[in-house]
Amino acid sequence: MSRTIMLIPTGTNVGLTGVSLGVIRAMERQGINLNVFKPIAQPRSGGDAPDNTTTLVSNNTSIPTLKPLKMSHVENLLGLNQQDVLMEEIVALYAENTKGADVVLVEGIVPTTDYPFANELNNNIAKTLGAEIIFVVNMGKDSPEQLKDRIEIARSNFGGIKNDKIIGVIVNKVNAPVEEQNLARPDVVEIYHTPKFDGKKITIKDLNEHSPLPVLGCIPWNIDLSACRTYDIANHLQAKIINEGGIKNRRIKHVSFCSRSVPNIINHLQPNALLVTSADRADVLVTICLAAMNGVAIGGVLLTGGYDIDENVSKLCQPAFDTGLPIFTVKTNTFQTSINLQQFNLEIPVDDKERMDNTQNFVADHIDASWIKSLKEVVSSAHRLSPPAFRYQLTELARNAKKVVVLPEGDEPRTIKAAAICAERQIAKCVLIGNPDEVRKVAASQGVTLGAGVEIVDPERIRDKYVPRLVELRKNKGMTEVIAREQLADNVVLGTMMLEANEVDGLVSGAVHTTANTIRPPLQLIKTAPGSSLVSSVFFMLMPDQVYIYGDCAINPDPNAQELAEIAIQSADTAIAFGIEPRVAMISYSTGSSGQGADVEKVKEATRIAQEKRPDLMIDGPLQYDAAVMPDVAKSKAPNSQVAGKATVFIFPDLNTGNTTYKAVQRSADLVSIGPMLQGMRKPVNDLSRGALVDDIVYTIALTAIQSAQEQNASK
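Residues numbered from 1 in each chain as written. Predicted model: local features only at pLDDT ≥ 70, side-chain atom pairs only at ≥ 80, totals over all residues. Heavy atoms only, no water.

Visitor: Whenever I open this one, the sheet that holds strand 1 (residues 3-9) confuses me. Can you help?
Guide: Pairing between the strands of a sheet comes from backbone hydrogen bonds, and it takes one of two forms, parallel or antiparallel. Taking strand neighbours across the sheet as the criterion, the 6 strands line up as 2-3-1-4-5-6 in an open arrangement whose pairing is parallel. Two strands in the sheet have a free side with no partner beyond their single neighbour: strand 2 (34-37) and strand 6 (215-220). Taking each pair of neighbouring strands and ignoring which way they run, the sheet shows an average axis angle of 20 degrees. Pairing of strand 4 (residues 132-138) with strand 5 (residues 166-174), which is carried by 6 bridges, proceeds in the parallel orientation. Each residue of the ladder has a partner; that of V136, found in strand 5, is I170. The sheet strands contacting helix 6 (residues 144-156) are strand 4 and strand 5, and the helix crosses strand 4 at an angle near 140 degrees. (Pairing = 2+ DSSP bridges. Helix = DSSP H or I, 4+ residues; strand = E, 2+ residues; numbered from the N terminus. Axes fitted to C-alpha atoms, helices over the stretch in contact; angles between N-to-C directions. Contact = heavy atoms within 4.5 Å.)

Visitor: Mind showing me how you'd approach the nonpolar core here?
Guide: Buried together is how nonpolar side chains tend to be arranged in soluble globular proteins. Formed by 61 residues in total, the largest nonpolar core has its most connected members in F390, L394, F540, M586 and I701. With 9 residues, helix 28 (residues 694-714) is the single largest residue contributor to this core. In terms of nonpolar packing, the next biggest core, distinct from the first, is built from 46 residues, M6, M87, A95 and L147 among them. (Core = buried A, V, L, I, M, F, W, Y, C linked by side-chain atoms within 4.5 Å. Buried < 20%, exposed > 50% of the residue type's maximum accessible area, 1.4 Å probe, protein only.)

Visitor: Sorry if this is basic, but what is going on with the pattern of salt bridges here?
Guide: Oppositely charged side chains can form a pair if their charged atoms are brought close together. As enumerated under the stated definition, the model contains 37 salt bridges in all. When the shortest N-O distance is used, the salt bridge between D84 and R391 registers 3.8 Å. Note that D84 is positioned in helix 4 (residues 83-97) and R391 in helix 15 (residues 387-401), a separation of 307 residues in sequence. Exposure remark for D84: the relative accessible area of 43% places this residue in the partly exposed category. Judged by relative accessible area, R391 falls into the buried class, the value being 5%. (Salt bridge = Lys/Arg side-chain N within 4 Å of Asp/Glu carboxyl O.)

Visitor: What should I look at first to understand the confidence of the model for the protein in this one?
Guide: With 94% of its residues at a pLDDT of 70 or more, the protein has an overall mean of 88. Within the model, pLDDT remains below 50 along residues 180-190, and this stretch shows 31 contacts once partners closer than five positions in the same chain are excluded. (pLDDT = per-residue confidence, 0-100.)

Visitor: Could you clarify how one ought to interpret the sheet that holds strand 11 (residues 273-278) in this entry?
Guide: Taken together, the 5 strands give an open sheet; going across it, the order is 8-13-12-11-10, and neighbouring strands pair in mixed fashion. Looking along the sheet, the strands with just one partner apiece sit at the ends: strand 8 (240-243) and strand 10 (254-257). Within this sheet the neighbouring strands show an average axis-to-axis angle of 25 degrees, counted without direction. The pairing of strand 11 with strand 12 (residues 300-304) spans 5 bridges and is parallel. Pairing of S278 across the sheet is with T304, part of strand 12.

See the structure below:
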């Protein structure tokens, strides 16, 4: 299983791309097989331009990357309140990007005035992917004590101290020069001429003494990492090149405006400096050329105002030009040129491999090597399957199953929409039972197009062919042809007969029928699977952070200990089948031996039977619900339990408890539940809530298709 690390910026100007590149290099040095995943593109120029980190990695390394979602698409989904859809799309991208990787490095989006939703979105992405979080912060003008407060604030936005997924912080641009306005060299100002840092040097030891989180990287400010090519600035300004020289190789570390007299500009004649002056200042140009002829590797000369260089001056300066001194000119005046320069993007250009390598190596040198080595270790914490990941997994497994599911409520609007979605997404082929004209009329009124993946079956045309088989199946119960015809008038019975005849692979009903109407015919005609003595049900409860399984909340009113044990085993196997690690809590009003009574004794006995039958499973009980889900309660009530505090499967002692709990949790927490899904049937039949949404029906169809594939594989 891949270990997922998400770098989340706490603000603007933290140098996120550089930190990401450095962490990648640090992992490469340790031989870690990694993939890089940027869920949402956030080009600095705005719009839907290519994402910089993804493009740099894909253009300059062999590390697998995927094209991220466009920000405009993300904003559209958020505007339509479709964050669940967005998370599923991100999970889908993530799944494509994790195959075979030891570590997946995820880069978050930067909170800006244009994207005020960044923190919330980063938090949801981290939860969805089950990612470990590392904050990336800019040291700025803060002292270590002040930085502590900023980190605490950042952590509070992501669940605070209770979020054990927050594992550390990387502090960037430590000991950077600070302007008079107390800004720590933001953006292009980093390459303007500034004094060196003259404060007290801050070390990683200082940061660790004050940081509330482990400091996994302490990256000193380094002007070399911002040193862009002279060519990049000329290209940004759309300048006319007078003398190309070394324009593609020389780098700019300082920008100086030379509007002074000659004696006052001499101190600015430094290597890697971009010197800006008006094109009619021949005295300044000649002075710069003298410095170049004396071996000063000036980064470039930018002439403003659009004037032509005097021919005689040009001849005088030719020896300097021959040294490779880049000269280029713009038509704007010096003031406007200064503004244009401040709009220059200091991100690493995708074709500047030298700067990328320098950045990666420098940052990697300052990342905690012991932490990088630890990434090879197996994650000890239990894997949590987030709701979007679970939904994505359902659709993927269903697509691979390629099953046919019958929907007896074929003229019901939600069911028709769900069938169309399943066909479009290739989740399953759906068979709608209903009058074809009526079904098409309802579909048209809903704006739904029923394509090749949806079949409409007219019940009036097919009922008679199932009469003999129904009589045979129920002859011991006094079934006659007359009664069979009457029962087959019920489309649920008709769909069940289609399932029994292997004409379809599963059945989903309940949008307008009661649970009893949906389940009774399959119980009578399909029967239980081999090895199962009863049919039970589970709900998949899509909690904010993970998926729980509740059983039995729909079928068995008061199971005895033997039956309760079988429900627990069935539910654990369901968890395994759907990618959820089963840690089964046998729920009671008492934990351990703290309570007595017939109900507690039943749960104790059921736990013993289940443990005896399936020693390979983690099953514990009796456990109170809070002891099953809350680690702090588990420590005091069941300190030696492998299940307490981290249960994923909850087995309730009776239908009254189970149904009440599932509805209370669902409604109080306003969360999605999928089910009930029936367990122990010879063929898959699943019930819907009469209040089911279209998405609920879609995912129940997916569940049914997956069950059919699993039962088919089990029988081989």
